[in-house]
Every structure is written in structure tokens, then in C-alpha cells.
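The residues making up each chain are set out below.
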Amino acid sequence: MLAYLNTSLGRLRGISILEGISLLVLLGIAMPLKYLAGQPEAVRIVGMAHGILFISYVLLLVQNTIEQGWSVGKAALGLGLSVLPFGAFYAERRLFVAAAQEPLAR
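Residues numbered from 1 in each chain as written. Predicted model: local features only at pLDDT ≥ 70, side-chain atom pairs only at ≥ 80, totals over all residues. Heavy atoms only, no water.

### Notes on the overall build of the protein chain
Looking only at helices and strands, the protein chain has four helices and zero strands in total. Sequence-ordered secondary structure for the protein chain, helices as α and strands as β, is α-α-α-α. Here the protein chain, with 106 residues, has 36% of them falling under the buried criterion. When contacts within the protein chain are restricted to residue pairs at least 6 apart in sequence, those whose partners lie at least 24 apart make up 66%. For the protein chain, the exposed area adds up to about 6400 Å²; of that, 71% sits on carbon and sulfur atoms. (Helix = DSSP H or I, 4+ residues; strand = E, 2+ residues; numbered from the N terminus. Buried < 20%, exposed > 50% of the residue type's maximum accessible area, 1.4 Å probe, protein only. Contact = heavy atoms within 4.5 Å. Areas by Shrake-Rupley, 256 points an atom, 1.4 Å probe, with all protein chains shown as cover.)

### Some remarks on unusual backbone geometry
One non-glycine residue with positive phi stands out, namely Phe 86, at about 70 degrees. By the secondary structure assignment, Phe 86 is in the loop between α3 (72-82) and α4 (87-101).

### Quick notes on the packing of helix α1 (residues 8-37) against helix α2 (residues 41-68)
At a minimum axis separation of 8 Å, α1 and α2 run at an interaxial angle of 155 degrees. When the axis of α1 is compared with that of α2, the two are roughly antiparallel. The handedness of the crossing between α1 and α2 is left-handed. Partitioning the contact of α1 with α2 into residue classes produces 18 nonpolar, nine polar and four charged. (Axes fitted to C-alpha atoms, helices over the stretch in contact; angles between N-to-C directions. Parallel < 35°, antiparallel > 145°, perpendicular 65-115°, else oblique. Left-handed = near helix turned anticlockwise from the far one by under 90°. Nonpolar A, V, L, I, M, F, W, Y, C, P; charged D, E, K, R; others polar.)

### Examining the nonpolar core
With twelve residues, the main nonpolar core is built from Leu 9, Leu 12, Ile 15, Leu 53, Tyr 57, Leu 60, Leu 61, Trp 70, Leu 81, Ala 91, Leu 95 and Phe 96. Listing elements by their share of this core, those giving two or more residues are α1, α2 and α4. Per-element tally for this core: the top contributor is α2, with four residues. If we skip the residues at most four places from it in the chain, Leu 60 touches Ser 8, Arg 11, Leu 12 and Ile 15. Within the second largest apolar cluster, five residues are counted, among which are Leu 26, Ala 30, Ala 42 and Val 43. (Core = buried A, V, L, I, M, F, W, Y, C linked by side-chain atoms within 4.5 Å.)

Next comes the structure, spelled out in C-alpha cells:
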């Protein structure tokens, strides 16, 4: 598992999963707690964690786009999928796993 984090692509895949989970927790648990149960603390905590993970995701996406020689379209698709519920999981499975199995485009 630690070998997974030794590459920038592995880190992107890991952050993609964490960012996707944080978005689902934010939308599915924290927001209903805020608006239906009157408990805004959950949104503050989960929202901050999600924000940090999202920024990390974007930075790692930019880093991998440069290192892997990805097209702007692929990077834009990765960014667009990150704002959709379950989109980060799709990006991790379809965009990033495929990239891990390809040789470097240099």
C-alpha cells in the first residue's frame, strides 16, 4: 500500500478517492444535519476537510498533467468529474488507472 504513495499518480489516485468520499459525506450527511437538524458544525468540519482534499486533488492533477503529458481535455475532464458526486471515483477508475498502465507519453 505504501508503494502506492511513492508516485505522483498513486498519490492522485488516493486523494481522488478521499476527495470523493468527503464530497459524499458533505452532501449526504453534513448538509442534511445543517438544514434538517439545525447542526451547522458538521458542515464546518467536513467542509474544511473537503476543501483541503479538493485543493490537493487539483494540485496533484496539474502535477500529473505535466508529468504524464496528458491533454488539457483529460485534465479538464478530471477536474469536472471531481465536482460531481461519485465523479472522483469514476476518474480514479477510468482516467487514472488507465494512465498507470500506459507507458509515459514522452
